[in-house]
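Here's the letter readout for the chains.
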Amino acid sequence: MKRDRELLYDLLVVRSVEQEIARRYSEQQMRCPTHLCIGQEATAVGVCAALRPEDVVFSGHRSHGHYLAKGGDLTAMLAELYGRGSGCSAGKGGSMHLVDLSVGFLGAVPIVGSTIPMAVGAALGFLLQKLPRVSVVFFGDAAVEEGVTWESIDFALLERLPVVFVCENNLYSVQTPLSARQPAGRTIAQVAAGHGVETESVDGNDVFAVQRAARAAVDRARAGGGPTFLELATYRHLEHVGPNEDVSLGYRSAEEVEAWRARCPVEHATRVLLERGELDASELDELRRRILRDVRHALELARDAPEAQGSLLSDVFASTVSPIDGDQR
Amino acid sequence: MTRQLTYAAALREGLDLCLQHDSRVYVMGLGVPDAKGLFGSTLDLARVHGSTRVRDMPTAENAMTGVALGSALVGMRPVLTHQRVDFALLAVEQMVNQVAKWHYMFGGQQPVPLVIRMVIGRGWGQGPQHAQSLQAWFAHVPGLKVVMPATPYDAKGLLIASVEDDNPVISLEHRWLYGVSGPVPEGVYRTPIQQARIARSGNDVTVVATSYMVLEALRAADELALRGVSCEVIDLRTVAPLDEATLLESCRKTGRLVVADTGATSFGVGAEIVARSTERCFSDLRAAPARVGLPDCPAPSAPSLAAEYYPRSHAIVQACHRVLGLPAPAPEAASSHPLDVPDPDFTGPF
């Protein structure tokens, strides 16, 4: 568990990173599809705060927040966006394929729902090796439309696996609203609960509530109580992919966006701490300045690193074998 | 004399050894612990090694492939099985997008030691969705190794090599091979991946064959020998990555090439091998190569149609005649046994 001040710090970092990426994206130096999580920071920060370093996380296309909240290296992530050899995936993956094994962030991929079975498999691996670890997967509301999601949840239930399914419901799959994708009159949490998995619905923009719910789910998983499904209500402020606002596209109203901006997760946490007197305005300014300076420094390091080169055909296959009888070959 | 085992028993012994020696190995698939034991290849292993390591699974091919992958990422070495390749098509997303690319797309940090065994085959009216032979699909995807053992020796040797490989390996096993017997040494040994085998050496024409077609090719070679034609039969063993050296060396020697594959001719393994050999040693070839494979239609169920659909040794003889510039051979003699069950003459030893 993290203290509330640490949670706010993490929120400010993720927000600052995403804003700086947005600011620089139009320079066209980061030449890969980039899905920013501005507005959704509390789901990442709250859930990851409930994890131990040895617990593992998988994610989807909008994964910057999850990667950073789990402790992923910022410069390596930015270098990956810049297509540098020092990127976290050596320039092979881009923004949609982040990884940092040193902190248990095992991977993110943009095929919707595709990492859900992998998280279940990691949990199976922990069970088979009798390791007291928990596996977490982040996915969006669209993933509940994929068959693989329910196949995976079924298997996790069958084997009582230590896995937490984190559904960030931001109401849209690209620009298509939930109403065009899922039957009316039921919530995602109801569908999950109907499936038999322990389920909780939480305000995904309240980082404190998210951490509490995640902690309960993680503890339960670690104690052998099986999987939990968390539906976290949240909202993305910017366009599906890219650095811009998108009210002009017409798929959502200015009023809707404004209403959700009023529920900004970073402002919410800031307000709570200011009101409680755990932080004052000048401390906050100083914190923001320091974070911005660090983020800009990381951006410069990443931007100035050499391009990925000479590695096109490397790592298609691992060059190693692991002999079953221990012979060194 | 070396001990003889069936292909199924050789696979079972290979799995048994892997489970015995490496605690990270587990076997998972629909029906793995049941009384039929995946054509005998997993019989009794759950009793010996426990149902945690020799596991049944839900009929959820796509998720379970992701589960196997996820477990491999945290240190396990799964062997996943499918009773037909056709069912595994539900898992193509995981196999093609995730399993194949995981090592490359994250910069080579995470090996994916995962073996996926899938059954291919023909006969007994299996029809359009129980008999496909899709090795070319998998071979087309960078990051997957594709093996097709034809003999009991290689069934065990390639299985152990695949389990030990730190990469995903797709193993395609022909249903008609499970009952074939041949010499199989006891204990741990490996058949190297990406190494073809000269099943019979010869000088006049090279026949490269996959899986069950190796048996048909050997029979064709016997028949051609009666006419004084010396046929070199290469058992490809690994489809991807291709053992180009063995292929080209033989083509240079004989100057003539026939490829016999269990899959579709168009855009298939034969197409790739013919392209490779003509690109690399065109001037050594004395005739246009020929392909033997399946025609451009789904597999039919009726025995009469299937008999026309599946090429047998005679089709290989015909193709060899063509590349050798010999007159067409006499039509195929009527078979003394039904064509929709394994050839009783193909019981081994091979």
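Residues numbered from 1 in each chain as written. Chains lettered and ligands numbered in written order. Predicted model: local features only at pLDDT ≥ 70, side-chain atom pairs only at ≥ 80, totals over all residues. Heavy atoms only, no water.

**Focus on the overall build of chain B**
Under the convention used in this document: Strands are runs of DSSP state E lasting at least 2 residues, helices are runs of H or I lasting at least 4, and numbering of each runs from the N terminus. Atoms counted for the radius of gyration: C-alpha only. Globule rule: 2.2 Å times residue count to the power 0.38. Three exposure classes are used, based on accessible area relative to the maximum for each residue type with a 1.4 Å probe and protein chains only: buried under 20%, partly exposed in between, and exposed over 50%. For the accessible areas, the method is Shrake-Rupley and the probe is 1.4 Å, while residue cover comes only from the protein chains on display. We score Asp and Glu as negative and Lys and Arg as positive, and we do not count His or the chain ends. Throughout, a charge is located at the NZ atom of Lys, the CZ atom of Arg, the CG atom of Asp or the CD atom of Glu.
Broken down by element type, chain B carries 13 helices and 14 strands. Computed over the C-alpha atoms, the radius of gyration of chain B is 20 Å, within 12% of the 20 Å expected from 2.2 N^0.38 for a compact globule of 350 residues. The principal-axis extent of the C-alpha atoms belonging to chain B is close to 60 × 45 × 45 Å. When burial is assessed residue by residue, chain B has 61% of its 350 residues classed as buried. Here chain B displays about 12,600 Å² of accessible surface, and carbon together with sulfur accounts for 55% of that area. For chain B, the distance from the average site of its 30 positive side-chain charges to the average site of its 34 negative ones is 2 Å.

**Here we look at the domain arrangement of chain B**
All names here are of chain B. To keep it simple, the criterion reads: In this document the domain limits rely on a domain assignment from an automatic tool or a database. Working rule for contacts: check all heavy atoms of both residues, and any pair within 4.5 Å makes them a contact. Values labelled buried area give the accessible surface lost by two parts on being combined, using a 1.4 Å probe and summing over both.
If you check the domain split of chain B, you get domain 1 (4-183) and domain 2 (197-324). Taken over C-alpha atoms, the centre of domain 1 sits 26 Å from the centre of domain 2. Counting from both sides, the interface comprises 26 residues of domain 1 and, opposite them, 27 residues of domain 2. Summed over the three residues of domain 1 that lose the most area to domain 2, namely Arg122, Met148 and Ala150, the buried surface amounts to 28% of that side.

**Examining the pairing of strand S5 (residues 115-120) of chain B**
Residue and element names in this part refer to chain B. To be explicit about the condition: Strands are labelled as partners when DSSP assigns at least two bridges between them.
Buried residues dominate S5, accounting for six of its six residues. In S5, alternate side chains face the same way, and those of Val115, Arg117 and Val119 on one face and Ile116, Met118 and Ile120 on the other are all buried. Summarising the sheet, strand S4 (residues 77-82) and S5 pair through four bridges and their orientation is parallel. Each residue of the ladder has a partner; that of Val79, found in S5, is Val115. Bridge count for S5 against strand S7 (residues 169-174) is six bridges, and the pairing is parallel. Note on S7: the bridge partner recorded for Val115 is Val169.

**A word on the sheet that holds strand S7 (residues 198-203) of chain A**
All names here are of chain A. For the record, the criterion: Axes here mean lines fitted to C-alpha atoms, for a helix over just the part in contact, with angles spanning 0 to 180 degrees between N-to-C directions.
An order of S2-S1-S3-S4-S8-S7 is seen for the six strands of this open sheet, with the pairing classed as parallel. Lying at the two open borders of the sheet, with one neighbouring strand each, are strand S2 (105-108) and S7. Shown here is a sheet whose adjacent strand axes are inclined to one another by a mean of 15°, direction ignored. In this sheet, S2 lies alongside strand S1 (residues 56-59) in parallel orientation, the contact comprising three bridges. Note that in S2 the partner of Phe58 across the bridge is Gly107. Against the sheet, helix H5 (residues 116-128) makes contact with S1, strand S3 (135-140) and strand S4 (163-169), and its axis sits at roughly 170° relative to S3, the strand it touches most. Helix H6 (residues 147-158) rests against S4 and strand S8 (228-233) of the sheet, and its axis sits at about 150° to S4.

**Quick word on the side chain of Arg62 of chain A**
Residues and elements named next belong to chain A. Inclusion rule: Whenever Lys or Arg places a side-chain nitrogen within 4 Å of a carboxyl oxygen from Asp or Glu, that contact is recorded as a salt bridge. For this analysis, a polar contact is any N or O atom pair within 3.5 Å, provided that within protein one partner can donate a hydrogen and the other can accept it, and provided that sequence-adjacent residues contribute only side-chain to side-chain pairs.
Within the element layout of this structure, Arg62 appears in the loop between S1 and helix H3 (64-69). With no salt bridge to any partner, buried Arg62 finds its closest opposite charge in Glu168, at an N-O distance of 6.7 Å. At a separation of 2.9 Å, a polar atom in the side chain of Arg62 contacts the main-chain carbonyl oxygen of Leu36. A distance of 3.1 Å separates a polar atom in the side chain of Arg62 from the backbone oxygen of His240. Ignoring any residue separated from it by four or fewer positions in sequence, one finds Arg62 in contact with His35, Leu36, Cys37, Gln40, Asn170, Arg236, Glu239 and His240.

**Description of the interface of chain A and chain B**
Size of an interface, as often reported, equals the accessible area lost when the parts are brought together. Listed by partner, the interface residues are 47 residues for chain A and 50 residues for chain B. Summed over both partners, the interface of chain A with chain B comes to about 3,800 Å²; 64% of that surface belongs to carbon and sulfur atoms. Considering only the surface of chain A that becomes buried against chain B, Leu128, Phe317 and Ile324 of chain A emerge as the three largest contributors, covering 19% of it. Summed over the shared surface of chain A and chain B, the result is two salt bridges. Of the charged contacts in the structure, one is a salt bridge between Glu159 of chain A and Arg55 of chain B, with a shortest N-O distance of 3.1 Å. Remark: the boundary between chain A and chain B carries 20 residue pairs in polar contact (both at pLDDT 80 or more).

**Examining the nonpolar core**
So the rule is basically this: As used in this record, nonpolar core signifies buried Ala, Val, Leu, Ile, Met, Phe, Trp, Tyr and Cys residues forming a set joined through side-chain atoms within 4.5 Å.
Counting 83 residues, the largest nonpolar core has Phe58, Phe165 and Phe229 of chain A together with Trp102 of chain B as the members making the most contacts within it. Residues contacting Phe229 of chain A, with those up to four places away along its chain left out, are Phe139, Val144, Trp150, Ile153, Phe165, Cys167, Ile188, Ala192, Val197, Glu198, Thr199 and Glu200 of chain A. Membership of the second largest hydrophobic core comes to 70 residues, among which are Val103, Ala108, Val164 and Val207 of chain A.

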